Amino acid sequence: MGYMIGIEILYGIITFIIGFIVIKRINKFTEKSFKKKMPTGMAKNSARLTYYILMFLLAMASLQVAGFKIESLLVAGGVIGMAIGFASQKTVSNLISGLFLYVDRPFDLGDSVDINGVGGVVEDIQPLSTKLRTWNGPIMRIPNEKVFGANITNYKQIAARRFVHKIRISYDSDIDKAMTIIKKIIDDEIFILKNPSPSVIVTGLLDSAIEIQIKAWTPSSKLYSVKTKILKTFYLALKKNKIKIPYNQLRVHLK
Amino acid sequence: MFGKQELGKSHKTKYFSITKKKDSFIYKRDQKIVQIVGKKINLNVLPLSPINLPNRLTNHFVVDFPEIYLSPEGKQIIFLSIPIEIGVFVNERLVDTFGFTKPEFTLYGPVKGGIISRIVKGEKVDETSTPKFGYAIMPLRIKNYNTRVRRTSKILINSRYLDFYYGEKKSNKVEKVSTEMIKLDIKGSIKVRNMNKCFFKGMTKVKAKTQLLKKEESIDMRWGI
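Since the model is a prediction, treat every value here as computed from it, not as a measurement.

## Notes on the overall build of chain A
- Helix and strand content of chain A: 7 helices and 8 strands.
- Relative to the globule expectation of 18 Å for 255 residues, the C-alpha radius of gyration of chain A, 31 Å, shows a markedly less compact shape.
- Projecting the C-alpha coordinates of chain A onto the three principal axes gives extents of approximately 115 × 50 × 25 Å.
- Scored against the burial criterion, the 255 residues of chain A give a buried share of 34%.
- Within chain A, counting contacts between residues at least 6 apart in sequence, those at least 24 apart form 63% of the total.
- As displayed, chain A offers around 16500 Å² of accessible surface, 62% of which is attributable to carbon and sulfur atoms.

This is how it looks when you write it as structure tokens:
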């Protein structure tokens, strides 16, 4: 009897060792093939998840071969699992959100993103959290549950960005002259895209000014430098041509 | 102008000068000044794709040319004169790039997934013509595989895989620059292929480091021609 039990345990151990070697090889293969089809961070985590599932199944199979009653182990496991489950609801929620993030793929490693108002570069995507290097430098760890439910803007995936700016000129300024100056500055700027074409239109006759709206597209990487340069050029050119940019004015007549 | 030469003394062209000092050379063009230490230097002037100025923002450029209508299953070879850039290499290093046209950019395709490209104006020229310095001839073979008339007025080029050739025209000493032959196949999808050969005979292939990359098979112009 004791001899039989010994043999069964030995078979169990052999099953585990062989299974472990096979799973290691499968893991290498899955990681390689995942990397061909999906981004690096996602591939690593998907391969890791496959590995854990296979290891769990192997452990169950090895225990079965070694003569343990899996059913009772599963029942016991179920009770323990429930206890752990209640204690780790957040963790499970993060894990599941992580899985949904893998499927949805709103960003990849190295992308410049804005997650609920926090901007930065994606440093790491882990099963439970996403690490973001913020524009100021510090690394921020955001639980995947929050990331999945957040408003995400991915700047890397867009080739061009549009900037919209409104300029107000006084009523005694020459509106045609102002628009010609603005259009020329836009035409002269190399990094403002010709297509989609920029637009300069009058959008309002306000209390103390005429409002001119400028819409122009630039390559994503050039948005801020172009915007800074062009706004400064607008100001200097309008000032040079004696076109006033008025402050808000309120005329009060006293009787 | 184009090609490699060893310099041991000062050298001047219409566009730049290299002055020999004691143990160094001073390269000068407009505001650009570069000092190169050495008693002799290797100067190499080469035609480059028009994507480096004012700085390298993209590898792609779109050649806009006068509209062409192609009859069903019709094909045509046209020759376009396009502006290029000139690269000055000293001892195998690129020290200066210059061109003669103002850079302009466009977005080919949608905001998400589209390609930022330089706009290059192509003018139709004769096969035998030699464009002025700073311009190259691009031989373009367009074929319409469809059963209806198609029109085209632009082509998207990935400069990383574009070969240039140069050669001297003996009659008036003006150097001709040409790109490799390009094929534009208009089928269900529109494909641009680099033919990896020069249309003209006796020209020298440019072997700049930036152009030693593996050729990709074709570019899909999925957002129209």
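## Here we look at the overall build of chain B
- A count of helices and strands for chain B gives 0 helices and 21 strands.
- For 225 residues, the compact-globule formula gives about 17 Å, and the C-alpha radius of gyration of chain B, at 19 Å, lands near that figure.
- For chain B, the spread of C-alpha atoms along the three principal axes comes to 70 × 45 × 30 Å.
- Within the span of chain B, comprising 225 residues, buried residues form 50% of the whole.

## Let's talk about the packing of helix α6 (residues 175-188) of chain A against helix α7 (residues 223-240) of chain A
All names here are of chain A.
- For the pair α6 and α7, the least separation of the axes is 10 Å and the interaxial angle reads 145°. At the point where α6 passes α7, the crossing takes the right-handed sense. The residues of α7 that touch α6, namely those facing Ala178, Ile181, Ile182, Ile185 and Ile186, are Ile230, Thr233, Phe234, Ala237 and Leu238.
- Looking at side-chain class alone, the contact of α6 with α7 contains 9 nonpolar, 1 polar and no charged residues.

## So, the interface of chain B and chain A
- Facing 15 residues of chain B, the contacting portion of chain A comprises 17 residues.
- Taking both partners together, chain B and chain A bury about 1300 Å²; carbon and sulfur atoms supply 68% of that area.
- Linking chain B with chain A are 0 salt bridges.
- Across the chain B-chain A interface, the total number found is 6 residue pairs in polar contact (both at pLDDT 80 or more).
- Considering each element in turn, the side of chain B that touches chain A owes the most residues, 3 residues, to strand β11 (residues 105-108) of chain B.
- Here the residues of the side of chain B that touches chain A are counted per class, giving 8 nonpolar, 4 polar and 3 charged.

## Thoughts on the domain arrangement of chain A
- Domain parsing of chain A yields domain 1 (2-87), domain 2 (106-154) and domain 3 (160-240).
- Each of domain 2 of chain A and domain 3 of chain A has a C-alpha centre, and these two points are 33 Å apart.

## Thoughts on the nonpolar core
- Counting 52 residues, the largest nonpolar core has B:Val63 and B:Ile155 as its most contacted members.
- In terms of residue count, the dominant contributor to this core is strand β7 (residues 60-70) of chain B (6 residues).
- When neighbours within four sequence positions are excluded, B:Val63 is seen to be in contact with B:Leu80, B:Ile82, B:Val120, B:Gly122, B:Met138, B:Ser153, B:Lys154, B:Ile155 and B:Ile157.
- Counting residues in each nonpolar core, the second largest holds 30 residues, with A:Val200, A:Ile210, A:Ile214 and B:Ile116 among its members.

## So, a positive patch on the surface
Residues and elements named next belong to chain A.
- On the surface, a cluster of positive charge is made up of Lys24, Arg25, Lys28, Lys32, Lys36 and Lys37.
- Take Lys32: it is sitting in helix α1 (residues 2-37).
- Relative accessible area serves as the criterion here: at 63%, Lys32 is assigned to the exposed category.

## Regarding the side chain of B:Ser24
All names here are of chain B.
- Considering the arrangement of structural elements, one finds Ser24 in strand β4 (residues 24-29).
- Looking at Ser24, the relative accessible area reads 7%, which means it is buried.
- Only 3.2 Å separates the side chain of Ser24 from the side chain of Gln35, close enough to count as a polar contact.

## Observations regarding the sheet that holds strand β12 (residues 115-121) of chain B
Residues and elements named next belong to chain B.
- Strand order in the open sheet formed by 4 strands is β11-β12-β7-β15, and the pairing between neighbours is mixed. With one partner strand each, in any of the chains shown, β11 and β15 (150-158) form the two edges of the open sheet. Each neighbouring strand pair of the sheet contributes to a mean axis angle of 45°, computed without reference to strand direction.
- In this structure, β7 lies alongside β12, joined through 5 bridges in parallel fashion. Among the inter-strand pairings, Val62 is bridged to a residue of β12, identified as Ile119.

How each quantity is defined
- Residues numbered from 1 in each chain as written.
- Chains lettered and ligands numbered in written order.
- Predicted model: local features only at pLDDT ≥ 70, side-chain atom pairs only at ≥ 80, totals over all residues.
- Heavy atoms only, no water.
- Helix = DSSP H or I, 4+ residues; strand = E, 2+ residues; numbered from the N terminus.
- Rg over C-alpha atoms; globule rule 2.2 N^0.38 Å.
- Buried < 20%, exposed > 50% of the residue type's maximum accessible area, 1.4 Å probe, protein only.
- Contact = heavy atoms within 4.5 Å.
- Areas by Shrake-Rupley, 256 points an atom, 1.4 Å probe, with all protein chains shown as cover.
- Axes fitted to C-alpha atoms, helices over the stretch in contact; angles between N-to-C directions.
- Left-handed = near helix turned anticlockwise from the far one by under 90°.
- Nonpolar A, V, L, I, M, F, W, Y, C, P; charged D, E, K, R; others polar.
- Buried area = accessible area lost by both parts, 1.4 Å probe.
- Salt bridge = Lys/Arg side-chain N within 4 Å of Asp/Glu carboxyl O.
- Polar contact = N/O pair within 3.5 Å; in protein donor to acceptor, adjacent residues only side chain to side chain.
- Domains from an automatic or database assignment.
- Core = buried A, V, L, I, M, F, W, Y, C linked by side-chain atoms within 4.5 Å.
- Patch = residues over 30% accessible without salt bridge, like charges linked within 9 Å, V, L, I, M, F, W, Y side chains within 5 Å.
- Lys, Arg positive; Asp, Glu negative; His and termini not counted.
- Charge placed at Lys NZ, Arg CZ, Asp CG, Glu CD.
- Pairing = 2+ DSSP bridges.

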